[in-house]
Amino acid sequence: MSYILALDQGTTSSRAMVFEANGAVAAIAQKEFTQVFPRAGWVEHDPGEIWASQIGVAVEALGRAHVRAADVAAIGITNQRETTILWDRDTGEPIHNAIVWQDRRTADYCERLKAEGAGPIIQERTGLLVDAYFSASKIRWLLDHVAGARARADAGTLAFGTVDTWLVWKMTDGRCHVTDVSNASRTMLLNIHTLQWDDELLRMFGIPASVLPDVRSSSERYGEVAPSFGIDRVPIAGIAGDQQAALFGQMCLKPGMSKNTYGTGCFLLQNIGPKPTLSRHQLVTTVGWRIGGDTEYALEGSVFIGGAVVQWIRDGLGLVRTAADIEPLAASVADNGGVYLVPAFAGLGAPHWDPYARGTIVGITRGTTAGHIARAALESIAFQVADLLDAMAGDAGMAATELRVDGGAATNNTLMQFQADLLGVPVVRPAVTETTALGAAYLAGLAVGYWPSVEALTGQWREERRFEPNMPRSTATSLRERWSAAVGRSKEWQLR
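Every chain is numbered on its own, with residues counted from 1 as its sequence reads. Totals for whole chains, interfaces and linings use every residue, but because this is a predicted model, local features are given only for residues with pLDDT of at least 70 and side-chain atom pairs only at 80 or more, for both listing and counting. Side-chain metrics rest on all non-hydrogen atoms present in the structure, leaving aside hydrogens and water.

Visitor: Before we move on, can you summarise the overall build of the protein chain with the specific residues and values?
Guide: Secondary structure elements are defined from DSSP: runs of H or I of at least 4 residues count as helices, runs of E of at least 2 residues count as strands, and each element is numbered from the N terminus. Secondary structure assignment for the protein chain yields 15 helices and 23 strands. To get the radius of gyration, use the C-alpha atoms; to get the globule rule, take the number of residues to the power 0.38 and multiply by 2.2 Å. In terms of C-alpha radius of gyration, the protein chain reaches 21 Å, essentially the compact-globule figure of 23 Å for 496 residues. Think of it in three bands: with a 1.4 Å probe and only protein chains considered, a residue is buried below 20% of the maximum accessible area for its type, exposed above 50%, and partly exposed in between. Buried residues in the protein chain amount to 61% of all 496 residues. Contacts are assigned to residue pairs that have any heavy atoms within 4.5 Å of one another. Residue pairs at least 24 apart in sequence account for 73% of intrachain contacts in the protein chain once pairs closer than 6 positions are excluded. Residue-level accessible areas treat just the shown protein chains as cover; the underlying method is Shrake-Rupley with a 1.4 Å probe. Carbon and sulfur atoms make up 50% of the accessible area of the protein chain, which amounts to about 17900 Å² in all. For this count, His and the chain ends are skipped, Lys and Arg are scored as positive, and Asp and Glu as negative. In this description, the location of a charge corresponds to atom NZ of lysine, CZ of arginine, CG of aspartate or CD of glutamate. Here the protein chain holds 44 positive side-chain charges and 53 negative ones, and the gap between their average locations is 2 Å.

As structure tokens, this is what we get:
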């Protein structure tokens, strides 16, 4: 058996990639799916469409690679995290659309929790800061607002899952209700010290333990794909949340190594080793992965709107026809012309944690063009990442010496150069930028012996391009000061 199939279920699309033993990509298939916005600040997905798109691209990718199911050693799954689904255990039907990680409908409830003093115990147990971003408040909202949901949950007939759990349930025809520690650590219900669901937190949020999946390691055999899906009886053997999978795929295996993924959001993670040290600078502590009884932890800073700002430039404003067109449009002007775009469309994540912030464009003059708006949008991604790296350096007590990057927007050379200029350190892009899917493939392959050890994988990581900073530090400092002023304008815009 010569291949590993990785399923990468993201916020705006489902992808499948077929990997060879040397880490090369044999084939890829991708399909976007519908984004649902019932109200301002609410974001939902149709779980059925998530499933249909994911299984569809899995079969398509195998077909493009001319690979039979019998030639696939294992399947690894990586997924958008925190997104919350509840479904009926008997019928397998969701009781509501998935509530997406970007969704802010529970912001007021989370503010009440903080006001009641719940923040310290939640951070100590889970490593997380109280925020609507995480799954717990979303589960509670579903139980409280979907007719009959709480009674059904109390009776043990409902199942909860993040997207990994939903996909495994569907692929195994309901035989496996599992998640891995990396995804479980994003629910605000897992004690990251014991790696068990926390009874006190379950009581705090009013969530019955019966809805929860079993928590497993990130690399083991969970079950086999049921017949009739075109990939019958292939073992599902790796699961990790998308950002943890990318950290693993980037081979950030030693404490202090950091990566940033430029996806729908931006996610900066730093390996901190086997002890879950808590952040002092508004970051979160999360489980990186668990393999063979050994657990690695990470510090994480999350930007809610990263590459999604490019989609907004394309779909919301119509300034470009394709996402790739933003780079030449941004390069059509020498600089941002004093324009700053703060993409707080779903509030601000780390290190601000302001659910009431909203998107803001400042510095517009009569001379402002579409190129300036496009450039400000791209630069906003780099500014947000720079803010995260400052906070991470404060926690680590040391500045980064380089930043490994991946994700769709990491292919944008203009953005990567500006990122290096802002940070003052090299930005390093690997030969395989799809490290999220690669990390999931690695985890699955390790579980079935496709790769003999983690050490055997380290030699596969290859640098494709290194962006060296060439902007004077005084210029970078001035730009970041103006950015910070723009962020200040966006905060607490939405009335509580």
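On we go.
Visitor: Describe the side chain of arginine 429, listing the residues and the values that go with them.
Guide: Tracing the sequence through the fold places arginine 429 in strand β22 (residues 427-430). Looking at arginine 429, its side chain comes within polar contact range of the main-chain oxygen of alanine 410, at 2.8 Å. Here glutamate 464 takes part through its side chain, which lies 2.7 Å from a polar atom of the side chain of arginine 429. Identification of polar contacts relies on pairs of N or O atoms within 3.5 Å, with a donor-acceptor requirement for protein atoms, meaning one able to donate a hydrogen and the other able to accept it, and with residues adjacent in sequence counted only if both atoms are side-chain atoms.

Visitor: How would you explain the packing of helix α12 (residues 370-396) against helix α15 (residues 473-490) if you had to name every residue and give the values?
Guide: Comment: axis = line fitted to C-alpha atoms, over the contacting stretch for helices; angle = value between 0 and 180 degrees taken between N-to-C directions. Running from N to C, α12 and α15 point in directions that differ by 95°, and their axes come no closer than 11 Å. On the basis of their axis angle, the class for α12 and α15 is roughly perpendicular. Judged by residue contacts, Ser380, Phe383, Gln384, Ala386, Asp387 and Asp390 of α12 engage Leu479, Arg480 and Trp483 from α15. Counted by class, the contact of α12 with α15 contains four nonpolar, two polar and three charged residues. What sets the label is the angle itself: under 35 degrees gives roughly parallel, over 145 gives roughly antiparallel, 65 to 115 gives roughly perpendicular, and the rest give oblique. Gly is placed with the polar residues, together with every amino acid not listed as nonpolar (Ala, Val, Leu, Ile, Met, Phe, Trp, Tyr, Cys and Pro) or charged (Asp, Glu, Lys and Arg).

Visitor: Can you explain the packing of α12 against helix α13 (residues 413-423)? Please cite residues and give values.
Guide: α13 packs onto α12 with a crossing angle of 35° between their chain directions and a minimal axis gap of 9 Å. Both α12 and α13 take part in a crossing whose hand is right-handed. Seen from α12, the contacting residues are Leu378, Glu379, Ile381, Ala382, Phe383, Val385, Ala386 and Leu389; seen from α13, they are Leu415, Phe418, Gln419, Leu422 and Leu423. Handedness of a helix crossing follows the sense of rotation of the near helix relative to the far helix, less than a right angle counterclockwise being left-handed and clockwise being right-handed.

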